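Chain by chain, the residues:
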Amino acid sequence: MGRVYNFSAGPAVLPEVVLKEAQEEMFDYRGTGMSVMEMSHRSSAFQQIIDEAEADLRDLMNIPDNYKVLFLQGGASLHFASIPMNLMKNGVADYIITGQWAKKAYEEAKKYGKVNAIASSADETFTYIPDCSDLPISEDADYVYICQNNTIYGTVYHELPNTKGKVLVADVSSCFLSEPIDVEKYGVIWGGVQKNIGPAGVQIVIIREDLLREDLPEFVPTMMNFKVQADKGSLYNTPPCYGIYICGKVFKWIKNMGGLEAMKAHNEKKAAILYDFLDQSKLFKGTVRKEDRSLMNVPFVTGDKDLDAKFVAEAKAAGFENLKGHRTVGGMRASIYNAMPIEGVEKLVEFMKKFEEENM
Ligand SMILES: *Cc1c(COP(=O)(O)O)cnc(C)c1O
């Protein structure tokens, strides 16, 4: 069997050239006589891998010198705790709740301080992004937290919230490197890589230097101390070496594709194919307010649970994998991350058209 079109929300599709390169280098990484998996993280070969990965990421995102780049482990869910641990000085933070991941981050942060939910779209099952132009930002808030792209619900902030001068922290797990962003608008940009960049197990944290603190509370685990990790160049202990190696290859792939402007154009083209179809379909419809649609995760429904299940099953049989919606939302979701080729979306839409004709 060949490769399928994989619409998984994460872990998700990776560029085929990256997988092939990794395969070629599996047995003997560039004359070292070993795989990157077998290599000391203190070796010069690995140091070069992590240094190059960081340099390429800085280049791609235009990261200013006063920001540190950390390659950590733990799953995005671990850093729902590291963020408040590292950033709460006054012990206060404001969260905008636009879905399950924002809500989980909010619940976790409550363990470490006073946390305010200053806006939410829970009233309409997270199908939109609230107006964030004039929110009741707390005077003593250490930061304002958002989940920039809502993987489960398929919404994205097309405009960042007005934080009234407070530090903005964004979980970008599911939109990392999907389009250019202005790093200087954020204090911390962070996310897991298994959606849009690489294998599960790597977290990337981009943090403005002045937010790194010497005076963290005693209880903060050393591994979750961003200052320690920054001082040690992400090598306080054994990092997720192989994952970082694959991320580095993906960074090079994006550079070869033309960088983030080109990635954005590629992603907009793919998303338009799917949304344009949904907007005229008599059977399928998108579930999200148009202005807030994500370029990465596209949820849709037929309005009939049995028909949704039939669609998912027939799509799978036709080589379109992982189209079932999140268990909390139902319906379908097509995640069309960077590495999903345009043909994948074109063929999916063809398949949806055929299904519509057969089932109307
Ligand atoms: C997947 C996801 C998470 C959780 O990631 P884990 O690595 O499984 O903890 C957090 N935030 C967003 C936006 C996600 O898409």
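In every chain, residue numbers begin from 1 and rise along the written sequence. Two thresholds apply to this predicted model, a pLDDT of at least 70 for residue-level local features and 80 or more for giving and counting side-chain atom pairs, whereas whole-chain, interface and lining totals are computed over all residues. The basis for every side-chain value is the complete set of heavy atoms in the structure, and neither hydrogens nor water enter the calculation.

**Some points on the pairing of strand 5 (residues 143–147)**
Link 1 in the chain: The rule is simple: take the accessible area with a 1.4 Å probe, protein chains only, and divide by the maximum for that residue type; under 20% is buried, over 50% is exposed, in between is partly exposed. A run of H or I in DSSP counts as a helix once it spans at least four residues, and a run of E counts as a strand once it spans at least two, with each numbered from the N terminus. Counting buried residues in strand 5 gives five out of five residues, a clear majority hidden from the surface.
Link 2 in the chain: Of the two faces of strand 5, both are covered, the one formed by Y143, Y145 and C147 as well as the one formed by V144 and I146.
Link 3 in the chain: At least two bridges found by DSSP between two strands is the condition for calling them paired. Sheet analysis places strand 3 (residues 92–97) next to strand 5, joined by three bridges and oriented parallel. Within strand 5, the position partnered with Y95 by the bridge is Y145.
Link 4 in the chain: Pairing of strand 5 with strand 8 (residues 168–171), which is carried by four bridges, proceeds in the parallel orientation. The residue of strand 8 that forms the bridge with C147 is D171.

**Quick look at the site of the ligand**
Link 1 in the chain: Surveying the vicinity of the ligand reveals 13 residues, the closest of which are S77, T151, D171, Q194 and K195.
Link 2 in the chain: Residues adjacent in sequence count toward polar contacts only when both atoms are side-chain atoms; beyond that, a polar contact is any pair of N or O atoms within 3.5 Å, and within protein one must be able to donate a hydrogen and the other to accept it. Take T151: an N or O atom from its side chain is 2.5 Å from an oxygen atom of the ligand.
Link 3 in the chain: Separating a nitrogen atom of the ligand from a side-chain N or O atom of D171 is a distance of 2.6 Å.
Link 4 in the chain: With residues, only the protein chains shown are counted as cover, and all accessible areas are computed by Shrake-Rupley using a 1.4 Å probe. Contact with the protein chains removes 87% of the 390 Å² of surface that the ligand exposes when unbound.
Link 5 in the chain: Broken down by element, the shell around the ligand gets its largest block of residues, three residues, from helix 3 (residues 76–87).
Link 6 in the chain: When grouped by side-chain class, the residues that make up the shell around the ligand number four nonpolar, seven polar and two charged. Near, as used in this document, describes a residue that has one of its heavy atoms within 4 Å of the molecule or strand being considered. Any residue outside Ala, Val, Leu, Ile, Met, Phe, Trp, Tyr, Cys, Pro, Asp, Glu, Lys and Arg is labelled polar, Gly included; the first ten of those are nonpolar and the last four are charged.

**What about the environment of D134?**
Link 1 in the chain: Note that D134 resides in the loop between strand 4 (114–120) and strand 5.
Link 2 in the chain: Residue class for D134 comes out exposed when judged on its relative accessible area of 59%.
Link 3 in the chain: Taking C-alpha positions, D134 is 8.4 Å from K164, a pair spaced 30 residues apart along the chain.
Link 4 in the chain: There is a polar contact of 2.6 Å between the side chain of D134 and the side chain of K164.

**Quick word on the pairing of strand 14 (residues 332–335)**
Link 1 in the chain: Across the two faces of strand 14 the burial is the same, with M332 and A334 and R333 and S335 all buried.
Link 2 in the chain: Pairing geometry for strand 12 (residues 297–301) and strand 14, over four bridges, is antiparallel. What sits directly across from P299, in strand 14, is R333.

**Notes on the pattern of salt bridges**
Link 1 in the chain: Whenever Lys or Arg places a side-chain nitrogen within 4 Å of a carboxyl oxygen from Asp or Glu, that contact is recorded as a salt bridge. Applying the stated criterion across every chain yields a total of 26 salt bridges.
Link 2 in the chain: Three or more residues are tied together by salt bridges with common partners; here these are E52, D56, D59, K252 and K255.

**A short note on the sheet that holds strand 12**
Link 1 in the chain: The sheet built from three strands is open, its strands ordered 11-12-14 with antiparallel pairing. Each edge of the open sheet carries a strand with a single partner, namely strand 11 (285–286) and strand 14.
Link 2 in the chain: The pairing of strand 11 with strand 12 spans two bridges and is antiparallel. Note on strand 12: the bridge partner recorded for K285 is V301.

**Description of the side chain of N149**
Link 1 in the chain: Take N149: it is sitting in strand 6 (residues 149–150).
Link 2 in the chain: A polar contact is formed between the side chain of N149 and the side chain of S174, at a distance of 2.9 Å.
Link 3 in the chain: Only 2.7 Å separates the side chain of N149 from the side chain of N297, close enough to count as a polar contact.
Link 4 in the chain: Only heavy atoms enter the contact rule, under which two residues are in contact if any of them lie within 4.5 Å. When near neighbours in sequence (up to four residues on either side) are disregarded, N149 contacts T155, V156, D171, S174, C175, S294, M296 and N297.

**Let's talk about the packing of helix 3 against helix 4 (residues 100–109)**
Link 1 in the chain: Whenever a helix is involved, its axis is fitted only over the stretch in contact; in every case the axis is a line through C-alpha atoms, and angles between N-to-C directions fall within 0 to 180 degrees. In contact at an axis separation of 8 Å, helix 3 and helix 4 are set at 50° when each is read in the N-to-C sense. Relative to helix 4, the element helix 3 is oriented oblique. The two elements helix 3 and helix 4 cross, and the hand of that crossing is right-handed. Here S77, F80, A81 and P84 of helix 3 lie close against helix 4, whose contacting residues are W101, K104, A105, E108 and A109. Just so you know how the angles are binned, under 35 degrees is roughly parallel, over 145 roughly antiparallel, 65 to 115 roughly perpendicular, and the rest oblique. Helix crossings fall into two classes, left-handed where the near helix is turned counterclockwise from the far one by less than a right angle and right-handed where it is turned clockwise.

By themselves, these observations are geometric and do not establish any function.
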